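Residues per chain are reported as follows:
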Amino acid sequence: MVQSSVLGFPRMGGNRELKKANEAYWADKLSRDDLLAEAKRLRLEHWKIQKDAGVDSIPSNDFAFYDHVLDHIQMFNAIPERYSKHSLHPIDEYFAMGRGHQKDGIDVPSLEMVKWFDSNYHYVKPTFQDGQTFKLAENPKPVVEFLEAKEAGIVTRPVLVGPVSFLALGKADRDQTVDPISLLDKLLPVYSELLQKLKAAGAETVQIDEPTLVFDLPPKVKAAFKPAYEALTGDKFPKLVLATYFGDIVHNIDVLPALQKVHAIHVDLVRNPEQLDSVIAALGPNQSLSAGVVDGRNIWKTNFKRAIETVETAVQKLGKDRVIVATSSSLLHTPHSLDSEKKLPAEVKEWFSFAVQKTSEVVVIAKAVTDGPASVREALEANAAAMQARASSERTNNKAVKQRQSEVTSAMHERQSPFPERYAQQKTHLKLPLFPTTTIGSFPQTKEIRVQRNKFTKGEITAEEYEKFIEKEIQDVVKIQDELKLDVYVHGEPERNDMVQYFGERLDGYVFTTNGWVQSYGSRCVRPPIIVGDISRPAPMTVKESKYAASISSKPMKGMLTGPITCLRWSFPRDDVHQSVQAQQLALALRDEVVDLEAAGIYVIQVDEPALREGLPLRSGRERENYLAWAVNSFKLACAGVKDSTQIHSHFCYSEFQDFFHAIAALDADVLSIENSKSDAKLLKVFEDKAYPRHIGPGVYDIHSPRIPSEQEIKDRIQEMLAFLRPEQLWVNPDCGLKTRQWKETKAALTNMVNAAIYFREKYADKA
Ligand SMILES: Nc1nc2c(c(=O)[nH]1)N[C@@H](CNc1ccc(C(=O)N[C@@H](CCC(=O)N[C@@H](CCC(=O)N[C@@H](CCC(=O)O)C(=O)O)C(=O)O)C(=O)O)cc1)CN2
Ligand SMILES: [Zn+2]
């Protein structure tokens with residue numbers, strides 16, 4: 001029979017219990033025992049949900065306090081000495097690697113955190129030493145959690161990150177030269193030991209994730225699969241289901257013969273349905289296919305008819321015993337349950353499926369194929385009705401939006417004049433000093449701000465009271481910027497819950513959840529708004545706050561918008577029209593906002609695009625070029641409606657930009673601010689040819705840590721930049737917004753930053 005399976009379940013809990021427990025533990029408000037107990041309770045609850053839904057293969061070890069890659073770093077003892085030398089309790093050592101540790105005389109920053117493939121989830125990068133060795137932890141987490149589930153009567157399928165991906169997703173530590181994949185021989189015995197322990201504990205099957213198979217792989221990495229899976233398959237090991245996701249593996253299909261002893265290969269058939277035939281053809285005679293047909297990355301109900309057809313195609317070739325119905329990826333990227341959404345319009349709620357609902361979907365699909373459609377007739381009929389209702393809904397189509405899109409011209413993407421002419425006007429208009437200082441937009445989102453917003457959302461305070469509160473926050477932020485002597489001010493974004501959700505809530509074509517949280521990193525979560533139809537802007541979204549801020553200050557006030565690509569990427573997009581169409585609709589809505597800000601007297605406007613790099617297709621080639629063409633165009637369309645004298649800024653963070661800078665340069669923004677301080681100034685190499693023509697502020701300090709950078713440190717950074725960039729084109733700013741910081745360290749860090757800028761301003765006074 002066709003089995004059903006889930007590749008991973010969200011960890012946070014229906015009410016973000018894990019976030020709250022972690023943060024309480026970090027603040028010394030929850031004991032270690034209580035934290036561990038809460039985690040155990042959540043794991044059990046999540047297994048039960050899947051068991052009750054009837055899922056055959058339920059994952060374990062998908063839970064992580066902070067990040068699952070970090071779990072592996074600790075379990076294999078790939079812990080850099082700067083963490084291990086303090087003999088912290090294992091869980092504190094773990095958090096020290098994830099988020100840094102400044103306590104009891106210890107001061108160590110976190111390991112690097114980077115994007116998980118093309119998602120808004122971030123993992124902790126394994127960081128290896130020359131001479132790296134590995135050792136399996138005494139009580140490996142996957143074994144402990146397998147036994148925990150077993151004790152509760154649930155036999156699970158443990159999930160591991162595979163050895164090739166674990167190495168390939170890592171890097172050499174700073175000042176080290178080791179090529180991670182060369183460590184395979186040392187790592188395999190540890191995996192072997194772990195898999196045997198899992199088998200001894202009773203695990204029949206283990207899911208081993210090798211998502212790097214969707215990349216273009218360097219030959220050395222590609223060649224590592226054969227020895228790895230020869231070493232880890234055979235009678236003494238559990239059966240392995242090797243999982244890939246977020247792309248196709250057709251370009252690496254020649255790796256499959258080396259994987260023939262692996263029980264099953266999992267592929268993402270939501271993202272790349274066309275890979276089905278090639279993968280089936282490459283399977284060995286005894287191998288099974290795990291067909292990822294329920295989307296782990298989006299919230300749309302699965303189209304049962306289409307999914308069943310796909311699975312049937314596989315069954316015809318392989319037989320029912322060699323096909324597994326699965327989620328396309330872990331459900332980590334979807335919110336917990338639709339049941340807690342009380343405010344969604346009833347019509348659209350019918351179109352959605354969150355993690356809890358998706359667990360039932362895999363079961364229905366598997367049953368439909370095993371026992372025939374009649375066995376699940378009701379579910380299939382309800383599903384078909386929902387598909388039909390969505391396709392014909394008034395909400396999805398807006399004629400005026402389509403009309404406007406048809407009238408977009410190429411001239412609408414270009415500013416009136418080239419940069420030198422624009423800059424000449426901006427210079428006289430804005431009267432900025434050399435080395436102008438600014439921040440990226442947000443100031444600390446204090447507990448008080450969140451509590452007031454929560455009261456307003458619940459109707460406990462009136463709109464007027466909330467507005468007064470926000471105005472007071474803006475006044476405070478302006479006053480602080482006066483004291484700090486910054487040059488270009490921001491209003492601080494106190495009215496925004498999140499830089500994407502805030503816009504989603506103000507645009508037609510979107511709906512939003514009240515509890516649809518998804519983990520972004522560590523304990524930080526987002527509630528991606530959902531694009532259900534054609535997007536338009538019913539009214540200005542940010543003008544009131546920016547105008548108010550400008551009215552109480554004599555300095556230039558920077559307006560703050562989230563760009564079309566970031567709005568798209570950090571929302572749940574539609575799956576019924578191409579993303580380029582949605583991006584253009586967002587661009588047109590933002591274009592109106594940009595023009596309205598200018599008309600309201602805002603002459604510096606920042607349009608953030610931190611997700612531009614994340615949207616880049618994972619493999620090089622034509623698909624990437626297509627993406628860049630429409631992505632760059634949508635940004636330009638959003639910004640180009642202003643006069644030459646209005647200065648357009650854009651901001652980039654959370655990605656590596658060295659190999660991507662040409663795309664950022666193509667945006668033609670007057671000023672860029674770009675994260676720089678964590679990557680050992682790798683970014684600056686891009687400017688080696690000294691050809692970048694416009695203005696730019698590579699971040700001068702990391703905002704992720706409460707650590708206060710000294711004035712000297714910041715001066716050193718700026719000095720380093722001056723080797724690559726002209727003094728006339730440099731801005732001085734932090735790496736990113738300050739919303740996750742406290743006021744105390746924010747003021748101290750910015751004081752040092754402004755002093756450093758003043759030093760260079762005086763030094764280069766002749767350039768002014
Ligand atoms: N969408 C998105 N993706 C992004 C980023 C980003 O800023 N936005 N930045 C990068 C890093 N990722 C990040 C993701 C989240 C957060 C973050 O700060 N999240 C906050 C939630 C922000 C939010 O939506 N806040 C709401 C709701 C706050 C809340 O929890 N309220 C309480 C009630 C108030 C209280 O008692 O505190 C509740 O609902 O229970 C608001 O302010 O209104 C968190 O997890 O704590 C930061 C960075 C990359 N991806
Ligand atoms: Zn940023």
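Conventions and cut-offs
- Residues numbered from 1 in each chain as written.
- Chains lettered and ligands numbered in written order.
- Predicted model: local features only at pLDDT ≥ 70, side-chain atom pairs only at ≥ 80, totals over all residues.
- Heavy atoms only, no water.
- Donors = N, O, S within 2.8 Å, 3.2 Å for Na, K, Ca; no water.
- Helix = DSSP H or I, 4+ residues; strand = E, 2+ residues; numbered from the N terminus.
- Buried < 20%, exposed > 50% of the residue type's maximum accessible area, 1.4 Å probe, protein only.
- UniProt positions renumbered as here; feature names shortened; annotations may be inferred.
- Polar contact = N/O pair within 3.5 Å; in protein donor to acceptor, adjacent residues only side chain to side chain.
- Near = heavy atom within 4 Å.
- Areas by Shrake-Rupley, 256 points an atom, 1.4 Å probe, with all protein chains shown as cover.
- Expected span 1.5 Å × (residues − 1).
- Contact = heavy atoms within 4.5 Å.
- Pairing = 2+ DSSP bridges.
- Right-handed = clockwise from strand over helix to strand, strands pointing away.
- Patch = residues over 30% accessible without salt bridge, like charges linked within 9 Å, V, L, I, M, F, W, Y side chains within 5 Å.
- Salt bridge = Lys/Arg side-chain N within 4 Å of Asp/Glu carboxyl O.
- Lys, Arg positive; Asp, Glu negative; His and termini not counted.
- Charge placed at Lys NZ, Arg CZ, Asp CG, Glu CD.
- Axes fitted to C-alpha atoms, helices over the stretch in contact; angles between N-to-C directions.
- Left-handed = near helix turned anticlockwise from the far one by under 90°.
- Nonpolar A, V, L, I, M, F, W, Y, C, P; charged D, E, K, R; others polar.
- Phe/Tyr/Trp six-rings, centres within 6.5 Å; stacked < 30°, edge-to-face > 60°.
- Core = buried A, V, L, I, M, F, W, Y, C linked by side-chain atoms within 4.5 Å.
- 1 Å grid on protein atoms, 1.4 Å probe; cavity = no way out; pocket = protein on both sides within 12 Å on 5 of 7 lines; lining within 4 Å.
- Points joined across faces, edges and corners; volume = space filled by probe spheres on them.
- Parallel < 35°, antiparallel > 145°, perpendicular 65-115°, else oblique.

To continue, consider the coordination of the zinc ion (ligand 2). At this site the zinc ion (ligand 2) is bound by His651 (NE2), Cys653 (SG) and Cys736 (SG), with donor distances of 2.1 to 2.3 Å. Each donor residue of the zinc ion (ligand 2) lies on the same chain, and together they follow the pattern H-x1-C-x82-C. A residue pair is termed long-range when its members are at least 10 positions apart, and His651 in strand E21 (residues 647–652) and Cys736 in the loop between helix H26 (711–721) and helix H27 (743–763) qualify at 85 residues. With respect to class, His651 is no different from Cys736; both count as buried.

Per the UniProt entry, the sites bearing "active site" (unreviewed entry) are His704 in this numbering. Structurally, His704 can be placed in the loop between strand E23 (695–698) and H26. Among the polar contacts made by the side chain of His704, one reaches the side chain of Asp702 at a distance of 2.7 Å.

Bringing the site of ligand 1 into the picture now. Lys19, Asn120, Arg453, Asp498 and Lys739 are the nearest of the 23 residues found near ligand 1. One of the backbone N or O atoms of Cys525 is found 2.8 Å from an oxygen atom in ligand 1. Contact with the protein chains hides 85% of the accessible area of ligand 1, taken as 970 Å² for the molecule alone. Elements supplying a minimum of two residues to the shell around ligand 1: helix H18 (447–457), strand E16 (518–521) and strand E17 (524–526).

In an α-helix there are 3.6 residues to a turn, and that puts residues three or four apart on one side. Counted at 1.5 Å a residue, the expected span for helix H24 (residues 622–639) with its 18 residues is 26 Å, and the 26 Å between its end C-alpha atoms agrees. If you check which residues of H24 are buried, you get Tyr627, Leu628, Trp630, Ala631, Val632, Ser634, Phe635, Lys636, Leu637, Ala638 and Cys639. Structurally, H24 contributes buried residues whose contacts are with helix H22 (564–569), helix H23 (579–599), strand E20 (604–608), E21 and helix H25 (661–665).

Moving on to the pairing of strand E12 (residues 264–268). Of all 5 residues that make up E12, 5 are buried, and the element is covered over most of its length. Residues Ala264, His266 and Asp268 line one face of E12 and the alternating positions Ile265 and Val267 line the opposite face, and both faces are buried. Bridging between strand E11 (residues 239–243) and E12 involves 3 bridges; their strand directions are parallel. Within the sheet, the bridge partner assigned to Val241 lies in E12 and is Ala264. Across 5 bridges, E12 lies against strand E13 (residues 288–294) in parallel orientation. In the sheet register, Ile265 faces E13, and the bridge partner there is Leu289. Between the parallel pair E12 and E13, the chain is carried across by helix H11 (residues 276–282), and the sense of this crossover is right-handed.

Moving on, we get to a positive patch on the surface. A cluster of basic side chains, namely Lys29, Lys447, Arg450, Arg524 and Lys739, defines a positive patch on the protein surface. Here Lys739 shows up in the loop between H26 and H27. Among the residues examined, Lys739 registers a relative accessible area of 34% and is labelled partly exposed.

Moving on, we get to the packing of helix H2 (residues 32–53) against helix H14 (residues 355–371). Contact geometry for H2 and H14: axes closest at 9 Å, N-to-C directions at 35 degrees. For the crossing formed where H2 meets H14, the hand is right-handed. For the pair H2 and H14, contact is made by Ile49, Gln50 and Ala53 and by Val356, Thr359, Ser360 and Val363, respectively. Here the contact of H2 with H14 is built from residues that sort into 4 nonpolar, 3 polar and no charged.

Note on aromatic pairs: each is described by the distance of the centres and the angle between the planes. Enumeration according to the criterion identifies 30 aromatic pairs in this entry. Aromatic pair Phe352 and Phe354: ring centres 6.5 Å apart, planes at 15 degrees, arrangement stacked. Judged by relative accessible area, Phe354 falls into the buried class, the value being 0%. Look at Phe652 and Phe657: their rings are 6.0 Å apart centre to centre, the planes differ by 80 degrees, and that puts the pair in the edge-to-face class. Among the aromatic residues, those joined into a cluster by ring pairs are Tyr25, Trp26, Phe63, Phe65, Tyr66, Tyr94 and Phe95.

With that settled, consider the nonpolar core. Ranked by internal contacts, the top residues of the largest apolar core, which has 225 residues, are Phe76, Phe166, Leu259, Leu289 and Ile718. Core analysis: the next-biggest nonpolar cluster, separate from the first, contains 14 residues, Ile299, Leu338, Leu344 and Val518 among them.

On to the pattern of salt bridges, then. For the structure shown, the criterion picks out 49 salt bridges. Notably, a salt bridge pairs Glu593 with Arg537, separated by 2.7 Å at the nearest N-O pair. Here the residue Glu593 occupies a position in helix H23, and Arg537 occupies one in the loop between strand E18 (530–536) and helix H21 (543–551), the gap between them amounting to 56 residues. Exposure remark for Glu593: the relative accessible area of 0% places this residue in the buried category. Owing to a relative accessible area of 18%, Arg537 belongs among the buried residues under this scheme.

A few words on empty space enclosed by the protein. For the coordinates displayed, the defined rule picks out 8 cavities of 30 Å³ or more. Taken as a whole, the largest cavity holds about 170 Å³ of empty space. Taken together, 18 residues form the lining of the largest cavity, with Arg11, His68, Val159, Asp209 and Ser330 sitting closest to its centre. Those elements that place two or more of their residues in the lining of the largest cavity are helix H3 (68–75) and strand E8 (157–161). With 3 residues, the single largest contributor to the lining of the largest cavity is E8. Considering only residue class, the lining of the largest cavity consists of 9 nonpolar, 6 polar and 3 charged. Quantified by volume, the second largest cavity comes out at close to 100 Å³. Residue lining of the second largest cavity: 14 residues in total, with Pro10, Met12, Gly13, His336 and Trp517 positioned closest to the centre. Across the lining of the second largest cavity, the residue classes tally to 6 nonpolar, 6 polar and 2 charged.

Attention now moves to the sheet that holds E8. Whether parallel or antiparallel, the strands of a sheet pair through hydrogen bonds between backbone atoms. Pairing within the open sheet is parallel, and its 8 strands lie in the order E1-E14-E13-E12-E11-E10-E8-E2. With one partner strand each, in any of the chains shown, strand E1 (3–5) and strand E2 (59–60) form the two edges of the open sheet. Note that E1 and strand E14 (residues 323–327) share 3 bridges and pair parallel. Of the residues in E14, the one forming a bridge with Gln3 is Ile324.

You can see Glu112 is positioned in the loop between strand E4 (106–108) and strand E5 (113–115). Sequence separation between Glu112 and Gly98 is 14 residues; the distance between their C-alpha atoms is 8.3 Å. Discounting residues that sit within four places of it in the chain, Glu112 has contacts with Tyr123, Val124, Lys125, Lys171 and Glu656. Within the structure, the side chain of Glu112 is placed 2.7 Å from the side chain of Lys171, a separation counted as a polar contact.

Moving on, we come to the environment of Tyr521. Take Tyr521: it is sitting in strand E16. Judged by its relative accessible area of 15%, Tyr521 falls in the buried class. C-alpha separation for the pair Tyr521 and His122, spaced 399 residues apart in sequence, amounts to 5.2 Å. The residues contacting Tyr521, other than those within four sequence positions of it, are Tyr66, Met113, His122, Tyr654 and Thr740.

Positionally, Arg16 belongs in the loop between E1 and helix H1 (17–26). The buried charged residue Arg16 lacks any salt bridge partner; its closest oppositely charged side chain belongs to Glu23, at an N-O distance of 7.1 Å. Setting aside anything within four residues of it in sequence, one finds Arg16 in contact with Trp517 and Cys525.

This paragraph deals with the packing of helix H6 (residues 141–151) against helix H8 (residues 184–201). As a packed pair, H6 and H8 sit with axes 9 Å apart at the nearest point and diverge in direction by 15 degrees. In terms of axis orientation, H6 runs roughly parallel to H8. Crossing geometry of H6 relative to H8 is assigned as right-handed. Of the residues in H8, those in contact with Pro142, Val143, Phe146, Leu147 and Lys150 of H6 are Leu194, Lys197, Leu198 and Ala201. Residues of the contact of H6 with H8, tallied by class, amount to 7 nonpolar, no polar and 2 charged.

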